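Structure assessment
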Amino acid sequence: MSLITAQSLSKTYATDSVEVKALQAVSFEIQAGSFLSFVGPSGSGKTTLLNLVGCLDKPSGGSLEVAGADVLRLDRRAAAAFRGENIGFVFQSFNLMPVLTAFENVEYPLVMVQNLHAGERRARVLELLDAVGMSDQKDKLPDQLSGGQKQRIAIARALVTRPKLVLADEPTANLDHETAYTIIRLMKNDTRIIGEAEIVCTLEDGKLVRCEEAHG
Amino acid sequence: MGKLFQIALRNLRRYKRRSALTISLIAFGVIFVLVFVAITSSFKELMIRQITDSYLGDLQVHRRGYVASIETLPLNLNLIPQQAAAVEKVLRENPEVSAYSERIKFGAMFSNFAETTNIRINGVVPEMEFAACPQMASRISEGEKSVRALEKGKVLVPALLARGMGTKVGDTVVVVATNKDGSVNGKPFVVSGILESATGPGGRDGYIHLEDAMEILRMAQKEVSEFAVNVKAMGRVDRVAANLEAKLAAAAKDPKKVPFQVHTWSQLSPFANIANMIDLMTFFIKLMLIAIVLISILNVMIMAVYERVREIGTIAAIGTSPRKILSLFLVEGFCLGLTGAVVGVLLALGIIVVLNLSKLSFTFGQAKDLILAPNIAPLEVVSASVMVIVVSLLASAQPAYKASRMEPIDALRHV
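Just so you know, these numbers come straight off a predicted model, no measurement behind them.

A closer look at the sheet that holds strand β5 (residues 69–70) of chain A
- The antiparallel open sheet is built from 4 strands, whose spatial order is β2-β1-β4-β5 (chain A). Taken across any chain shown, the strands that pair with only one partner, and hence form the sheet edges, are β2 (19–31) and β5 of chain A.

A short note on the pattern of salt bridges
Residues and elements named next belong to chain B.
- All told, the structure shown has 34 salt bridges over all chains when counted by the stated rule.
- For K44, the salt bridge is made with D279, and the minimal N-O distance between the two is 2.7 Å. Of this pair, K44 sits in helix α2 (residues 16–56) while D279 sits in helix α10 (residues 271–307), and the two are 235 residues apart along the sequence.
- Of the residues examined, K44 reaches a relative accessible area of 17% and is grouped as buried.
- The exposure class of D279 is partly exposed, given its relative accessible area of 37%.
- R148 is the partner of E151 in a salt bridge, and the nearest nitrogen-oxygen pair spans 3.9 Å.
- On the basis of relative accessibility, which here comes to 49%, the residue R148 falls in the partly exposed class.
- Sharing partners across several salt bridges, the network here consists of R103, K105, R120, E129, D205 and E226.

What about the domain arrangement of chain B?
- On domain assignment, one finds that chain B holds domain 1 (2–51 + 273–413) and domain 2 (65–258).
- On a C-alpha basis, the centres of domain 1 of chain B and domain 2 of chain B stand 51 Å from each other.

Remarks on a nonpolar patch on the surface
Residue and element names in this part refer to chain B.
- Taken together, the side chains of L294, I295, V382, V386, V390 and L394 define a hydrophobic patch exposed on the protein surface, amounting to about 540 Å² of accessible area.
- For the nonpolar patch, the elements supplying multiple residues, two or more each, are α10 and α13 (378–404).
- The element that contributes the greatest number of residues to the nonpolar patch is α13, accounting for 4 residues.
- Relative to the elements of secondary structure, V386 occurs in helix α13.
- By relative accessible area, which is 45% here, V386 ends up partly exposed.

Side note on the side chain of B:S42
- Within the element layout of this structure, B:S42 appears in helix α2.
- Once residues within four sequence positions are removed from consideration, B:S42 is found in contact with B:V37, B:L372, B:A373, B:P374 and B:N375.

Digging into the nonpolar core
- Counting residues in each nonpolar core, the largest one holds 86 residues, and the members touching the most others are A:I4, A:L165 and B:F329.
- Residue contributions to this core peak at 11 residues, all from helix α12 (residues 322–357) of chain B.
- Excluding anything up to four places from it in sequence, B:F329 contacts B:M301, B:A304, B:V305, B:R308, B:I312, B:S396, B:A400 and B:A403.
- Counting 51 residues, the second largest nonpolar core, distinct from the first, contains B:V157, B:M165, B:V191 and B:V237.

Some words on the confidence of the model for chain B
- Of all residues in chain B, 98% have pLDDT values of 70 or greater, and the mean over the chain is 91.
- The element-level mean pLDDT for chain B is lowest in strand β12 (residues 367–371) of chain B, coming to 70, with strand β8 (residues 206–209) of chain B highest at 96.

Comments concerning helix α1 (residues 46–53) of chain A
Residue and element names in this part refer to chain A.
- Burial analysis of α1 places 7 of its 8 residues in the buried class, which makes it a mostly covered element.
- All of the buried residues along α1 are K46, T48, L49, L50, N51, L52 and V53.
- Trailing α1 by a residue or two, C55 shows a phi angle of about 60°, which is positive.

Here we look at the pairing of strand β5 (residues 154–158) of chain B
Residues and elements named next belong to chain B.
- Counting buried positions along β5 gives 4 out of 5 residues, so the element sits mostly inside the fold.
- One ladder, built from 5 bridges, connects β5 with strand β7 (residues 184–195); its direction is parallel. Considered in β7, the bridge of V157 is made with I194.
- Where β5 lies against β8, 2 bridges are found, and the strand directions are antiparallel. Opposite V155, over in β8, you have I208 as the bridge partner.

So, the interface of chain B and chain A
- Facing 28 residues of chain B, the contacting portion of chain A comprises 26 residues.
- Taken together, the two surfaces of chain B and chain A that pack against each other cover about 2400 Å², and 59% of this comes from carbon and sulfur.
- There are 3 salt bridges connecting chain B and chain A.
- The partner of A:E104 in a salt bridge is B:R10, and the shortest N-O contact between them spans 2.5 Å.
- Going through the elements one at a time, α1 (2–14), α11 (309–317), α12 and α14 (408–413) of chain B are the ones with two or more residues in the side of chain B that touches chain A.

Quick notes on the rules
Residues numbered from 1 in each chain as written. Chains lettered and ligands numbered in written order. Predicted model: local features only at pLDDT ≥ 70, side-chain atom pairs only at ≥ 80, totals over all residues. Heavy atoms only, no water. Pairing = 2+ DSSP bridges. Helix = DSSP H or I, 4+ residues; strand = E, 2+ residues; numbered from the N terminus. Salt bridge = Lys/Arg side-chain N within 4 Å of Asp/Glu carboxyl O. Buried < 20%, exposed > 50% of the residue type's maximum accessible area, 1.4 Å probe, protein only. Domains from an automatic or database assignment. Patch = residues over 30% accessible without salt bridge, like charges linked within 9 Å, V, L, I, M, F, W, Y side chains within 5 Å. Areas by Shrake-Rupley, 256 points an atom, 1.4 Å probe, with all protein chains shown as cover. Contact = heavy atoms within 4.5 Å. Core = buried A, V, L, I, M, F, W, Y, C linked by side-chain atoms within 4.5 Å. pLDDT = per-residue confidence, 0-100. Buried area = accessible area lost by both parts, 1.4 Å probe.

Structural data, given as structure tokens:
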């Protein structure tokens, strides 16, 4: 079964005077796999598509099914619950909670969204922190971490709920080449981290080339 | 829930100065209210005690219509002997009455042979009067300070009159009065003591023995102008009054024409209006506290939501339910209010202890050197704290609701 099925998906943003067609009749199907990138220049609709798939936004037309759920039918609360259960997010600017330590940031979705009990929570968080190589930094606040370290924490947070799908919008845009490469490699290859999840990420053209060069 | 509190507290700590300012504002308001309530309520209690225990009694029983024309001290509105006996019986049978004093009140001329002035006289049975008004002895500034000051042939002269007339303890004076039949009679007295004034009507009356009053007024049988009654529990004075009224009505021959009237101290003393004013002021001060809490918390929470739009977007995107986001901000407001209330209560209690140790004295009207002993009822502390916390929650509700309704996609785009 497909993980994501989109048919004639369109999205139009209406501002005061102009209508911007961000997506026009996009159809695709993604099978559960391991790693997929939407690559394109800035303004090509990558983020819009990712937001639709992530149930953060509603399409203007067409149909979209993610992990067996008709995204268009989800109301606010149901969409939040659906995201919490099925989707992990990695943001361009990390978006960690500044008042929580690295450990607590990773733990957050398990407490506030999935309500796991403390023992299992701790084991899962430590396992992921170890996998992203951040065990020794777990008590630091985001302010005390470098960009790459923050993104590792963000990846751990996205994966800690064991989602079916991880969506990463320009996860390397705020990182230097070397770090960007490491992060992509982490998400792409380390099955210990990604488990069963399908990773979909958006990348600007240049970044992808460099990633592919670096990684082969 | 614990995690919600943990995150809320960390968020408050993030903006240390702002949180501290809000907490101190709330604490200041709480201190202001509690110290104000402590001082005014102790002032009120002190003044009421002063009035009731020195001359008024906690409540009084008169013949119907007497109080309405009390300024003229009408002798024809005294309780006739059978009525007085009925009242005494009811008072004696009530377990909540600790003491009562029967009085014959009349207006008279007071002369020291050189000058003459008018005076209001209470004819009393000394033991009964001293029991019903326990502060009577302490009001006697010069001379005999016990029931012996009111032995037959002696008079207690109010201080203002004694000063004006140059009267001293041991002087002989004459009291002249007209009885209800219109005949004038006089009697010489020896001044046994000078009575300090007390606040309110009746605070400047002279006192003689009941039998002397009967003699001046040529009463064959004892008629009583009023019964001053002391009750065991001041807080129950209204209930005791109602109870006495019912019993007196039952004792009356014709239930439609009950000849008796019961008045509590608050119906007799103008100080009751001051007491009501104090209560009104307290109410407005509490309203100010509500305004302080409302504005400061609302301000802080609106800022918090505004500054953390992206954060709200992030937690919403990763699946935090709108209800949890709402709770998160409500808990923040709650913590601010609770901390402010706790700090305020502790400091206020400290200030009240210090005020008690420093034994502040004040003068009110003719009453001098009254020692203020502020104290606060636990109920006041609890109600002020609960009020602060409830208002904090109310003030956080709007910003919290706004946060919970944010679309994650818009919030994430926010710069």
